[in-house]
Amino acid sequence: MKEITEIVIAAADRPVTVKTRLGWDDNSIHILDTARMLEDCGIAALAVHARTRAQGYKGEARWEWLRKLKEDSGLKIPLIGNGDVYTPEDARDMFEQTGVDAVMIGRAALGNPWIFRETRHFLNTGEHHPPPSWKEKLEVIREHLTMKCNWLGEKVGVLEMRKTYGGYLKGFHGAAMLRSRIMEEKTMEGVLKVLENADPAE
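Report follows, based on the coordinates. A quick note: this is a predicted structure, and the numbers were derived from the prediction, not measured.

Criteria and cut-off values
Residues numbered from 1 in each chain as written. Predicted model: local features only at pLDDT ≥ 70, side-chain atom pairs only at ≥ 80, totals over all residues. Heavy atoms only, no water. Pairing = 2+ DSSP bridges. Helix = DSSP H or I, 4+ residues; strand = E, 2+ residues; numbered from the N terminus. Axes fitted to C-alpha atoms, helices over the stretch in contact; angles between N-to-C directions. Contact = heavy atoms within 4.5 Å. Phe/Tyr/Trp six-rings, centres within 6.5 Å; stacked < 30°, edge-to-face > 60°. Buried < 20%, exposed > 50% of the residue type's maximum accessible area, 1.4 Å probe, protein only. Salt bridge = Lys/Arg side-chain N within 4 Å of Asp/Glu carboxyl O. Right-handed = clockwise from strand over helix to strand, strands pointing away. Parallel < 35°, antiparallel > 145°, perpendicular 65-115°, else oblique. Core = buried A, V, L, I, M, F, W, Y, C linked by side-chain atoms within 4.5 Å. Lys, Arg positive; Asp, Glu negative; His and termini not counted.

**Structural notes on the sheet that holds strand β2 (residues 45-49)**
Overall, parallel pairing links the four strands, which are arranged β1-β2-β3-β4 in an open sheet. At either margin of the open sheet sits one strand with a lone partner, and together these are β1 (17-21) and β4 (102-104). When the angles between neighbouring strand axes are averaged without regard to direction, this sheet yields 25°. Across the sheet, helix α4 (residues 88-98) is in contact with β3 (79-82) and β4; its angle to β4 comes to roughly 135°.

Below, the structure is given as structure tokens:
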């Protein structure tokens, strides 16, 4: 890690950040020493997913290690916490329980890019932002699908998008049936036709 980080920093013309986990497994949690080492290399900020590599995404993220990093590592660079932040309340709780400087949201944004708007609004006001309308969701799905197909080709793009529809359609009446119909489509035009002809009520 040290060698890779030093090489990247030497070659970069902008600030370099690192994201890592607590360690490989429960027998190799050296995140306090690792964080200090990375700061000494010159990184601008450190993001830590509070699980080990062996955990994958199983079990709960160990936020207590984020607190240890803030309190015991002596870090002067910003610490970004990651892991098990699915709602605005989760983001608030991570700030309060760990003292991190920022919160990173990952999987919860799949099919729900509005989580960032909603979380910022909640943290600033203590109130929930109104959910996106079906029209707004449809516009974003169309843009997302178009970009995927332009990037990966239509066949792969349509397939890749399937994992995001659960998030996009969550909260709408008949979402399961609509998602099932989308899964049968193999072209971008077919997916959009199904969506544009739908009018699910919340």
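**Quick word on the packing of aromatic side chains**
Counted according to the given criterion, the structure contains two aromatic pairs. When the ring of tryptophan 134 is compared with that of phenylalanine 172, the centres are 5.4 Å apart and the planes differ by 70°; the resulting orientation is edge-to-face. With tryptophan 134 in helix α6 (residues 134-152) and phenylalanine 172 in the loop between α8 (165-169) and α9 (175-183), the pair connects residues that are 38 residues apart, well separated along the chain. On the basis of relative accessible area, tryptophan 134 is assigned to the buried category, the value being 9%.

**Quick notes on the pattern of salt bridges**
Under the criterion given, the structure shown has twelve salt bridges. Among the ionic pairs, arginine 14 bridges to aspartate 13, the shortest N-O distance being 3.3 Å. Owing to a relative accessible area of 68%, aspartate 13 belongs among the exposed residues under this scheme. A salt bridge links lysine 163 to glutamate 160; its shortest N-O distance comes to 3.5 Å. What makes lysine 163 exposed here is its relative accessible area of 56%. The network of salt bridges with shared partners includes Lys148, Glu160 and Lys163.

**A word on the pairing of β1**
Across five bridges, the pairing between β1 and β2 is parallel. Among the inter-strand pairings, valine 18 is bridged to a residue of β2, identified as leucine 46. Crossover handedness for the path β1 to helix α2 (residues 31-41) to β2: right-handed.

**Quick word on the environment of arginine 117**
Along the chain, the position of arginine 117 falls in helix α5 (residues 115-125). For arginine 117 and glutamate 6, which are 111 residues apart along the polypeptide, the C-alpha to C-alpha distance reads 35 Å.

**Let's talk about the packing of α6 against helix α10 (residues 188-196)**
Running from N to C, α6 and α10 cross one another at 180°; their axes reach a closest spacing of 11 Å. On the basis of the axis angle, α6 is roughly antiparallel to α10. On α10, the residues that touch Trp134, Leu138, Ile141, Arg142, Leu145, Thr146 and Cys149 of α6 are Met188, Val191, Leu192, Leu195 and Glu196.

**Topic: the nonpolar core**
Formed by 26 residues in total, the largest nonpolar core has its most connected members in Ile31, Leu46, Val48, Trp63 and Leu66. Of all the elements in the fold, those that place two or more residues in this core are α2, β2, α3 (63-72) and α4. Here this core gets four residues from one element, more than from any other, and that element is α3. For tryptophan 63, the residues in contact, after removing those within four places along its chain, are Ala50, Gly83, Asp84, Val85, Asp90, Asp93, Met94, Gln97 and Thr98. Core analysis: the second largest hydrophobic core is formed by 20 residues, Trp114, Leu138, Ile141 and Val194 among them.

**Focus on the side chain of aspartate 90**
Within the secondary structure, aspartate 90 sits in helix α4. Buried within the structure, aspartate 90 lacks any salt-bridge partner; arginine 92 is the closest side chain of opposite charge, at an N-O distance of 7.2 Å. Those residues within four positions of aspartate 90 in sequence are excluded, and the remaining contacts are Trp63, Asp84 and Val85.

Just distances and angles here, no functional claims.
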